[in-house]
Amino acid sequence: MITGVGSYLPINKCSNKNLSNFVDTSDEWISKRSGIKNRHFVTDNEKTSDMSFFAANKAIENAGISKNDVDLIILATTTPDNTFPSTATLVQKKLNINAVSFDIQAVCAGFVFALSVAKSMMSEGNFKNCLVIGADSMSKLLDWKDRTTSVLFGDGAGAVILQKFENTGCKYDDWGILSNIIHSDGQFYDLLKTNGGVSTNQKVGFIEMEGKEVFKHAVDKLSSSLEEALIASNKKIDELDCLVPHQANQRIILAVADKLKIDVSKVISTVKNHGNTSAASIPLALENAINSNKILNGNLIGLHAIGGGLSWGASIIRIGKPKNL
Ligand code: UT7
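Residues numbered from 1 in each chain as written. Predicted model: local features only at pLDDT ≥ 70, side-chain atom pairs only at ≥ 80, totals over all residues. Heavy atoms only, no water.

**Focus on the layout of surface pockets**
Empty space within the largest pocket amounts to approximately 920 Å³. Lining the largest pocket are 31 residues, and of these Thr78, Gln105, Thr194, Gly196 and Val204 lie nearest its centre. Counting residues per element, the ones that place at least two in the lining of the largest pocket are β5 (100-104), β9 (192-194) and α7 (198-201). Here the lining of the largest pocket is built from residues that sort into twelve nonpolar, 15 polar and four charged. Here the lining of the largest pocket gathers at least three residues from each of two domains, domain 1 (2-163) and domain 2 (176-324). Its volume calculated, the second largest pocket comes out at about 520 Å³. As for the second largest pocket, its lining consists of 25 residues, and the residues nearest its centre are Leu152, Met209, Gly211, Phe215 and Asn249. Counting residues per element, the ones that place at least two in the lining of the second largest pocket are α2 (27-34), α8 (211-232), α9 (250-260) and β12 (300-307). Residues belonging to the lining of the second largest pocket are distributed by class as follows: 14 nonpolar, eight polar and three charged. (1 Å grid on protein atoms, 1.4 Å probe; cavity = no way out; pocket = protein on both sides within 12 Å on 5 of 7 lines; lining within 4 Å. Points joined across faces, edges and corners; volume = space filled by probe spheres on them. Helix = DSSP H or I, 4+ residues; strand = E, 2+ residues; numbered from the N terminus. Nonpolar A, V, L, I, M, F, W, Y, C, P; charged D, E, K, R; others polar. Domains from an automatic or database assignment.)

**Considerations on the pattern of salt bridges**
Tallied over the entire structure, the rule returns eleven salt bridges. Between Asp220 and Lys259 there is a salt bridge, and its shortest N-O distance comes to 2.9 Å. Of this pair, Asp220 sits in helix α8 while Lys259 sits in helix α9; the two residues are 39 residues apart in sequence, bridging distant segments of the chain. Given the relative accessible area of 43%, Asp220 is considered partly exposed. (Salt bridge = Lys/Arg side-chain N within 4 Å of Asp/Glu carboxyl O. Buried < 20%, exposed > 50% of the residue type's maximum accessible area, 1.4 Å probe, protein only.)

**Regarding the packing of aromatic side chains**
This model, assessed by the stated rule, comprises four aromatic pairs. Ring centres of Phe22 and Trp144 lie 5.2 Å apart, and the angle between their planes is 80 degrees; on these two criteria the pair is classed as edge-to-face. Pair noted here: Phe22 is in the loop between α1 (16-19) and α2 and Trp144 is in the loop between β6 (129-137) and α6 (147-150), with a separation of 122 residues, a long-range link. On the accessibility criterion, Phe22 (43% relative accessible area) is partly exposed. Exposure remark for Trp144: the relative accessible area of 29% places this residue in the partly exposed category. (Phe/Tyr/Trp six-rings, centres within 6.5 Å; stacked < 30°, edge-to-face > 60°.)

What follows is the structure, given as structure tokens:
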């Protein structure tokens, strides 16, 4: 069950107007084409592990557990502090705990992939309290001369605590992650990628994206994966209290809502506050929705995301835990 959530945005906020001081763009274009108004960028010495650490502490506190209860850390990121070791091990060190820790890489779909891996490991292993983090410093991959991509991304982190409850004497089959669907298709590798990499040219490269193509795939694949996840959990779209989509573009969010025939009032959108934060986007939106009482304990929610690869997926979750646990 998901019992805690936390997130973090760097203090350094950049509005569309600020951005237009060093990128050939305007508030009008960015707002109209993407719905984004602001994004946050890491400050000089701030790293992905620092943002992750803040979000992790908030999620642990929110779950009401001790950090020492955490026995598994899965961190979804495309922007690790170092090429190796994993950033998750650095978060483990900062938390000063014992926990199996590793990173996964599925770009903007990373959080949904991490939830899927966490669920499998908790079902089959001895793990009881898993910290799942999505964190990215996308500003480090932006080419400010490329206005088609640099205006869309920002930095941030979000985390959740997944808890397994055993020997309670009761079954709680309808709580927690009810279904997870994940997909990848490398034939679309070139649609969204960096133009460099460790084994290619020993650089990290800048983001390159065929925006219009990615847009079309996003609308199709976000819709179809959510439908698959609904079928897998034996739920109907009308039963969802809320949908927390990947926060990349308000036009994508609205087109998917229309395709799925879900009332837009049930769809969480925070993209205007932070732009596309890649793996952090869903937990950032989730915490915002919980804090503003749009998502309540026991609500049935859907999540879905898509990113480079292409990689995409969806989850159906009953959030929180029964009152008697
Ligand atoms: O996590 C998944 C990752 N990504 C996404 O989901 C993004 C998917 N794609 C998109 O969101 C959209 O395709 C974009 C927001 C990237 C672009 O929107 P668009 O409506 O497809 O615009 P466009 O690329 O066709 O550009 C239209 C015009 C062009 O000018 P001309 O050729 O019509 O004269 C561009 O040069 O807008 C121009 N343009 C800009 N103008 C001002 C492109 N970027 C900018 C900019 N500021 N930042």
